[in-house]
Amino acid sequence: MRTMIVVTSALALSACATPVTPRYSVGTDNVLALRNLNATGIYVGEFGEPAKDDVKCRGIGRMRLQDDLTHAQFIRKALTDELKVAGSYAPSPARVTITGQLIDIDSSSGLGDGHWSMTLALRSTNGASMTVSNTYKFRAGMAATAACDNVAQAFVPAVQDVIGKAVASPQFAALIR
């Protein structure tokens, strides 16, 4: 009986341990890079989901993203937020619309070291396109709960980095012209 109580308690507590990412916060360097492009009237259309979007962390299971967004929706919203702060965003299809496809996303919370890897394809209504990949490394930790919390916390800077890599590319300037 005592074993059953311990097992039941452990399962109940582990259900509460689902890591949740923080809300996106705009990256200063990304906003500055966008402002330097002097572009306005950019609308962000739909972003497609990757073929495999089953990011799990150790034995804890799937991570949750704020506002119950998918990874592609989160990245779309992040790019939209960056463009809004930079003064480049249009609230409806305007001069140019950027759409995207999250081609691949994965995370690792190995014993001590972790990473987020993502590949994003962007397309413009002007016919230009680009693909950007980035791997964001961080300290994961040894214990599963702490490591998975670190994976969740590292998601926002990983998204900031992939967007930063995109907007700093000359190919991005071609997307918005």
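These figures come from a predicted structure and were not determined experimentally.

## Remarks on the overall build of the protein
(1) Moving on: In terms of regular secondary structure, the protein is built from five helices and six strands.
(2) Moving on: Helices (α) and strands (β) of the protein occur, in sequence order from the N terminus, as α-α-β-β-β-α-β-β-β-α-α.
(3) Moving on: Split into buried and exposed, the 177 residues of the protein put 46% on the buried side.

## Details of the packing of helix H2 (residues 28–36) against helix H4 (residues 144–167)
(1) Moving on: Relative to each other, H2 and H4 sit at 20 degrees, their axes nearing to 9 Å. It follows that H2 is roughly parallel to H4 by the angle criterion. In the packing of H2 onto H4, the handedness of the crossing is left-handed. Taken together, the residues of H4 that come into contact with H2 (itself represented by Asn30, Ala33 and Leu34) are Gln160, Ile163, Gly164 and Val167.
(2) Moving on: Tallied by class, residues from the contact of H2 with H4 come to four nonpolar, three polar and no charged.

## Description of the sheet that holds strand E1 (residues 42–48)
(1) Moving on: Across the sheet, which stays open at both edges, the four strands sit in the order E1-E4-E5-E6 with mixed pairing between neighbours. In this open sheet, the two edge strands, each paired with only one partner strand, are E1 and strand E6 (129–141). Ignoring which end each strand starts from, the neighbouring axes of this sheet average 25 degrees apart.
(2) Moving on: Looking at chain direction, strand E5 (residues 112–124) and E6 are connected through twelve bridges and run antiparallel. In the sheet register, glycine 112 faces E6, and the bridge partner there is glycine 141.
(3) Moving on: Here helix H3 (residues 71–86) sits on the sheet and contacts E1, strand E4 (96–108) and E5; the angle it forms with E1, its principal contact strand, is near 170 degrees.

## A look at the side chain of threonine 97
(1) Moving on: Structurally, threonine 97 is set in strand E4.
(2) Moving on: On the accessibility criterion, threonine 97 (12% relative accessible area) is buried.
(3) Moving on: Ignoring sequence-local partners within four residues, the contact set of threonine 97 consists of Tyr43, Gly45, Arg123, Ser124 and Thr125.

## Considerations on the side chain of threonine 21
(1) Moving on: Position of threonine 21 relative to the elements: it lies in the loop between helix H1 (2–15) and H2.
(2) Moving on: Overall, threonine 21 belongs to the buried group, its relative accessible area being 0%.

## Notes on H2
(1) Moving on: Within H2, burial applies to Asn30, Val31 and Leu34. The arc that holds every buried residue of H2, seen down its axis, measures 100 degrees, which confines them to one face. The exposed set on the far side of H2, more than 90 degrees from its buried face, consists of Thr28, Asp29 and Asn36.
(2) Moving on: Here the buried face of H2 lies against H3, H4 and helix H5 (170–175).
(3) Moving on: A positive phi of about 50 degrees marks asparagine 38, the residue just after H2.

## So, the pairing of E4
(1) Moving on: Note that E1 and E4 share five bridges and pair parallel. If you follow isoleucine 42 over to E4, its bridge partner there is valine 96.
(2) Moving on: Direction of pairing for E4 relative to E5: antiparallel, over a ladder of ten bridges. Along E5, the bridge assignment pairs serine 107 with tryptophan 116.

Quick notes on the rules
Residues numbered from 1 in each chain as written. Predicted model: local features only at pLDDT ≥ 70, side-chain atom pairs only at ≥ 80, totals over all residues. Heavy atoms only, no water. Helix = DSSP H or I, 4+ residues; strand = E, 2+ residues; numbered from the N terminus. Buried < 20%, exposed > 50% of the residue type's maximum accessible area, 1.4 Å probe, protein only. Axes fitted to C-alpha atoms, helices over the stretch in contact; angles between N-to-C directions. Parallel < 35°, antiparallel > 145°, perpendicular 65-115°, else oblique. Left-handed = near helix turned anticlockwise from the far one by under 90°. Contact = heavy atoms within 4.5 Å. Nonpolar A, V, L, I, M, F, W, Y, C, P; charged D, E, K, R; others polar. Pairing = 2+ DSSP bridges. Arc of directions from axis to C-beta.

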